[in-house]
Amino acid sequence: MTTTQIEKPSPWHRGEIEMQRAVGVDQRMDEIGRRVLRDYLLDQHRQFFPQLPFLVLGSVDPTGAPWATIVAGQPGFISSPDIHTLAIAAVRQLSDPADAGMEDGDPVGLLGIELHTRRRNRMNGTLVRRPYGFDVTVGRSYGNCPQYIQLRDFDVVGDPAAPYAGEVETFEALDADARRVIGAADAFFVASYSEENGREVDVSHRGGKPGFVRIGEDGVLTIPDFAGNLFFNTLGNIRLNGKAGLVFVDFASGDLLQLTGEAEVVLDSPEIAAFRGAERLWRVRPTRFVRRRAALPVRWSTRQDGASPNALITGDWDETAARLKAAALADQWRPFRVRKIVQESATITSFELEPADGAVAIPHLAGQHLPIRVQPPGAQRPVIGAYTLSVAPSDPFYRISVKRDGVVSRYLHDHVREGDLIEARAPAGDFTIDALEKRPAVLLAAGVGITPMIAMVRHLLFEGFRKRGVRRTYIFQAARTKAERAFDAELSALVEATGGAMHLTRILSDTDGADGDDYDLLGRLDMDALRAELPFDDYDFYLCGPPAFMQAVYDGLRGMNIADQRIHAEAFGPASMQRTPDAGAASIPAGPPPATTSKPVFFMASSKEARWEPGSGTLLDLAEARGLQPEFSCRAGTCGSCKTKIVQGAVSYLKHPTAQVGDDEALICCSVPAADGEALQLAL
């Protein structure tokens, strides 16, 4: 006899699933939802709600408009006679627009939030009218995370049992006072609902820095959506029916500003990347406002140290506008002031940089490099160098950490002082790390190769705090001597701050008199060291260091059957690492073949032409031979400094470049004219 297993329906409705799928967590959230969503109240929740002096409630009026409101009372006005019921002893407030959706049998959403502890719990269900107030029969209930809540202490100053006797102000457009309240808010509450499985109402908290809600000239409110529990109750509801109701509380005066209107979720906008901490945006176009001054009998005072740590690391709209303005300067050389110089080791010096042109720095990805331009004494023209940024995108300044090696590096070490200006362009590069990847990471650095790794560690820690989970990481730092090992104290402090999520192994090839506290292993960073320190697991490997080190470690990893796609590497200068593709892996498109006969090349901006001959070198060599001075740095296709617009024709690459390049662009340092097609014209 066989039995057929009946699959349980998803605990989420279609809108929530669509939002979860958009960020790739729908399968994980299906499992979590079945575990944490309950149709009853836990004992700890039954004890929590009676402590509260207020309850946030969401309802839907007969026209289908959602409203959020506050129901207040002395602590104890909420009780739980059984695990399926919350009883609220509160006088009916007919002046509240949310009351129209609070008739017997109406669905409502509830949020219990304790501002002085940051605890909160959510539930929804069906309202039942009682002589003393109303009950809510639980539909589903669950705990909620404490992020973005400002700490506030409360005091009940009025009579919660008294109906509101003040003026009810209604209006259809924001007035100056409403703009002031919204513009200064660091929190609000939002009601939304879905009809997917019968009407279900939700109400939730939103918080950020004061002013995190932007008011457009047309009155539309734009709100950044930060990292949360990934349930997407609010945004899932908005995705389905495009409606939301908000309530802003003046915590000092007890004023309530309620609004309802049309809402939309924004998943693709330049503002998302520009607003620090934003995962997406959502907008509300209010259609009706209600203001009741001193409507609440509760007052709150903000604690001096009460700012939410999660809110503090988010951005604001002024910064966002500045970042968007800076993005328009991405292809330009901009002046940066050296704000600080730090000697990191015997051979490596860090230079902290801040914009000196009134614009902000363009956000980068951890592991990317910064092209800089300087003019050393005696040089006839500026010289370009590219240096890995050794700070995370969340850090408030750029930092390059430079080994004394090469013309630009020596100039920085010998001539640049704090307060001096250097030029820089937008960060670039593909050697980056995903902080949200579940597979553990192994960072392997030798010498100055630690610079992208320190940026990655800083980024992983920041994102781990923001997303409540640091990616498990193993860091191997190799140096010849302790004196040449950079970022000792900084790296140790970062690893310690992860609470065990990261493990650091320091290797010296020459102890140079150091004691055992200065290193974990003596010798080389090789496969034996990795086998001894790494638990058995599936890893992503990140390599950075001198060419011989890179090739040896790469070959060793491939010899241990580590897939090529699991090994990420950043090479120095013109050196490149020879890779062995995985069996069956798609090959990199070869592109058009190089010309085998003489080809004319036109430099359009300079009104010059030249003839390229097979074996004569790259297009950069040809341009220099004609007296042009194109920008370049690596001459290997890794930094992107020589990127040039193709006006007509096509190029062929002598080696596949690692820098990003568009279809209508050429990296002239490693390309030549293609065999076929129109005559090559470059915007030089």
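Keep in mind the model is a prediction, meaning the values are calculated, not measured. (Residues numbered from 1 in each chain as written. Predicted model: local features only at pLDDT ≥ 70, side-chain atom pairs only at ≥ 80, totals over all residues. Heavy atoms only, no water.)

J.: Sorry if this is basic, but what is going on with the sheet that holds strand E27 (residues 521-522) here?
T.: Strand-to-strand pairing in sheets goes through backbone hydrogen bonds, with the strands running parallel or antiparallel. Spatially, 6 strands are ordered E27-E26-E25-E24-E28-E29 in an open sheet, and the strand pairing comes out parallel. Of all the strands in the sheet, the pair left with one neighbour each is E27 and strand E29 (567-570). Here 2 bridges tie strand E26 (residues 502-508) to E27, and the two strands are oriented parallel to one another. Counted as the bridge partner of Leu508 is Leu522 from E27. Packed onto the sheet, helix H11 (residues 488-497) meets strand E25 (473-479) and E26 and runs at close to 150 degrees relative to E26. Contacting strand E24 (441-446), strand E28 (540-544) and E29, helix H13 (residues 547-559) runs over the sheet at an angle of about 160 degrees to E28. (Pairing = 2+ DSSP bridges. Helix = DSSP H or I, 4+ residues; strand = E, 2+ residues; numbered from the N terminus. Contact = heavy atoms within 4.5 Å. Axes fitted to C-alpha atoms, helices over the stretch in contact; angles between N-to-C directions.)

J.: I tried to follow the packing of helix H10 (residues 450-467) against H11 on my own but got confused; where do I start?
T.: How two helices pack is summed up by the angle between their axes together with the distance between the axes. Where H10 meets H11, the axes come as close as 10 Å, and the angle between the chain directions of the two elements is 30 degrees. When the axes of H10 and H11 are compared, the pair comes out roughly parallel. Classified by chirality, the crossing of H11 by H10 is left-handed. Contact residues: Ile450, Ile454, Val457, Arg458 and Leu461 in H10; Glu490, Leu491, Leu494 and Ala497 in H11. (Parallel < 35°, antiparallel > 145°, perpendicular 65-115°, else oblique. Left-handed = near helix turned anticlockwise from the far one by under 90°.)

J.: Quick question: what am I supposed to make of the sheet that holds strand E6 (residues 119-130) here?
T.: Strand order in this open sheet of 7 strands is E2-E1-E5-E6-E7-E4-E3, and the pairing throughout is antiparallel. Here the strands that pair on one side only, and so sit at the sheet edges, are strand E2 (66-72) and strand E3 (78-82). Between one strand axis and the next, the sheet turns by 35 degrees as a mean value, whatever way the strands run. Direction of pairing for E6 relative to strand E7 (residues 133-144): antiparallel, over a ladder of 11 bridges. Within E7, the residue paired with Arg120 across the bridge is Asn144.

J.: I tried to follow the pattern of salt bridges on my own but got confused; where do I start?
T.: Opposite charge on two side chains permits pairing when their charged atoms draw close. One pass over the full model with this rule turns up 59 salt bridges. In this structure, Glu16 engages Arg140 in a salt bridge whose closest nitrogen and oxygen atoms are separated by 3.1 Å. Separated by 124 residues along the polypeptide, Glu16 in helix H1 (residues 14-22) and Arg140 in strand E7 bring together distant segments of the chain. Between Glu463 and Arg466 there is a salt bridge whose closest N-O contact spans 2.8 Å. One end of the pair, Glu463, and the other, Arg466, are both in helix H10, 3 residues apart, so they sit about a helical turn from each other. Neither Glu463 nor Arg466 differs from the other in exposure class; each is buried. In this structure, a network of salt bridges that share partners links the residues Glu169, Asp175, Asp177, Arg180, Asp255, Arg291 and Arg293. (Salt bridge = Lys/Arg side-chain N within 4 Å of Asp/Glu carboxyl O. Buried < 20%, exposed > 50% of the residue type's maximum accessible area, 1.4 Å probe, protein only.)

J.: It is not clear to me how the packing of aromatic side chains should be interpreted in this structure. Could you clarify?
T.: Aromatic ring pairs are reported here in terms of the distance separating the ring centres and the angle at which the planes meet. With the rule as written, the count across this model stands at 16 aromatic pairs. Each ring, one from Phe188 and one from Phe248, has its centre 5.1 Å from the other, and the planes form 35 degrees; the classification is tilted. Note that Phe188 is positioned in strand E10 (residues 187-194) and Phe248 in strand E14 (residues 243-249), a separation of 60 residues in sequence. Neither residue differs from the other here; Phe188 and Phe248 are each classed as buried. With centroids separated by 5.9 Å and ring planes inclined at 65 degrees, the aromatic side chains of Tyr539 and Phe541 adopt a geometry described as edge-to-face. As far as the burial class goes, Tyr539 and Phe541 line up, both buried. For the cation-ring pair, Arg292 lies above Tyr164, with the distance from its terminal atom to the ring centre recorded as 5.8 Å. Here the basic side chain of Arg635 rests over the ring of Phe632, its NZ or CZ set 4.6 Å away from the ring centre. (Phe/Tyr/Trp six-rings, centres within 6.5 Å; stacked < 30°, edge-to-face > 60°. Lys NZ or Arg CZ within 6 Å of the ring centre and 35° of its normal.)

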